[in-house]
Amino acid sequence: MANFRVESRADGAVEVWTIDAEANRNAISRAMRAELEALVVAAREKRGLRAVVLTGAGNKAFCAGADLKERATMNEEEVRAFLHDLRRTLRQLELSPKIFVAAINGAAFGGGTELSLACDLRVIAPHAEMALTETRLAIIPGGGGTQRLPRLVGVGVAKDLILTGRRVGPEEALRLGLVNRVAPDADVVAHAVALAEEIAAGGPVALAAAKAAIQEGMELGIDSALELEYQKYQMVIPTKDRLEGLAAFREKRKPAYKGE
């Protein structure tokens, strides 16, 4: 059974990936993780695809975290293997040249919040909540939460959220920098798609280079990071898209970028 529904928007420049497990609160099972990784890998080869909106089926849960019923059947080695695979999948998503926007349409707990943190941007519905609840289950976030969250919101806020395991609503999530936007109504996917389409209007090579410069540069000192930015800029100089952008600006028209 497929764990995702994939829908193409904006003539293929944007896709919506919906976790199709509403009855299971769109939890992360072994099968779901494997399918997500396959989608991320395949997306790299889709030349016309520029951005992906990731969401959950229904309006109650974006992703409620790991499938605890499945987890209860795992021995210790299987749990270790699952965490290793999940870490690899989320890292591939994070480093993908495509732009990922999480449309948080409901509860995003544990691994659900970690999945959203691996995305580039996050849009949350007015009724949704986020939390890293793992310490309440006598474990810790194992899908990158202890590392991505402090890089996003700062060490003090990250410790508050992780050590208490408390839930955060949309307005607090926005204030803390945990999300980028709060959707004005429940149709968070539509608002996330609009954001993705806005992003997709940029040059594909430039989008990938800018994402890589930001993502990789965060791990470097300022001098090395500036050199990295310079290197990424070199990628766009010989492109036809750069010349198209200049021509479109001069001619006062919308550019027609091709990723070349």
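Residues numbered from 1 in each chain as written. Predicted model: local features only at pLDDT ≥ 70, side-chain atom pairs only at ≥ 80, totals over all residues. Heavy atoms only, no water.

Colleague: Go over the overall build of the protein with me, naming the residues and quoting the values.
Modeller: Across its full length, the protein carries eleven helices and nine strands. Against the globule reference of 18 Å for 260 residues, the protein gives a C-alpha radius of gyration of 19 Å, in line with a compact fold. Dimensions of the protein, computed from the C-alpha atoms along their principal axes, are close to 60 × 40 × 35 Å. A separation of at least 24 residues holds for 69% of the contacts in the protein among residues at least 6 apart in sequence. As presented, the protein carries roughly 13,200 Å² of accessible surface, and 56% of it is formed by carbon and sulfur atoms. Within the protein, the 35 negative side-chain charges are centred at a point lying 2 Å from the centre of the 35 positive side-chain charges. (Helix = DSSP H or I, 4+ residues; strand = E, 2+ residues; numbered from the N terminus. Rg over C-alpha atoms; globule rule 2.2 N^0.38 Å. Contact = heavy atoms within 4.5 Å. Areas by Shrake-Rupley, 256 points an atom, 1.4 Å probe, with all protein chains shown as cover. Lys, Arg positive; Asp, Glu negative; His and termini not counted. Charge placed at Lys NZ, Arg CZ, Asp CG, Glu CD.)

Colleague: Outline the packing of aromatic side chains, listing residues and values.
Modeller: Within the structure shown, the criterion is met by one aromatic pair. For the pair Trp17 and Phe100, a centre-to-centre distance of 5.5 Å together with 70° between the ring planes defines the contact as edge-to-face. A residue pair is termed long-range when its members are at least 10 positions apart, and Trp17 in strand β2 (residues 14–19) and Phe100 in strand β5 (residues 99–104) qualify at 83 residues. By the burial criterion, Trp17 is buried, and Phe100 matches it. (Phe/Tyr/Trp six-rings, centres within 6.5 Å; stacked < 30°, edge-to-face > 60°. Buried < 20%, exposed > 50% of the residue type's maximum accessible area, 1.4 Å probe, protein only.)

Colleague: Break down the nonpolar core for me, citing the residues and quoting the values.
Modeller: Trp17, Val53, Leu93, Ile104, Leu115 and Leu149 are the most contacted members of the largest nonpolar core, which has 61 residues in total. Broken down by element, the residue count for this core peaks at eight residues, all from helix α8 (residues 188–200). In this view, Ile104 contacts Phe62, Ser116, Arg122, Val123, Ile124, Ala125, Ala128, Met130, Val179 and Val188; residues no more than four positions away in its chain are not counted. (Core = buried A, V, L, I, M, F, W, Y, C linked by side-chain atoms within 4.5 Å.)

Colleague: Describe helix α6 (residues 155–164), listing the residues and the values that go with them.
Modeller: Residues of α6 that are buried: Ala158, Leu161 and Ile162. One side of α6 holds all its buried residues, which, seen down the axis, span an arc of 90°. Facing away from the buried surface of α6 by more than 90 degrees, the exposed residues are Gly156, Lys159 and Leu163. Residues of α6 that are buried sit in contact with α5 (145–153) and α7 (170–176). (Arc of directions from axis to C-beta.)

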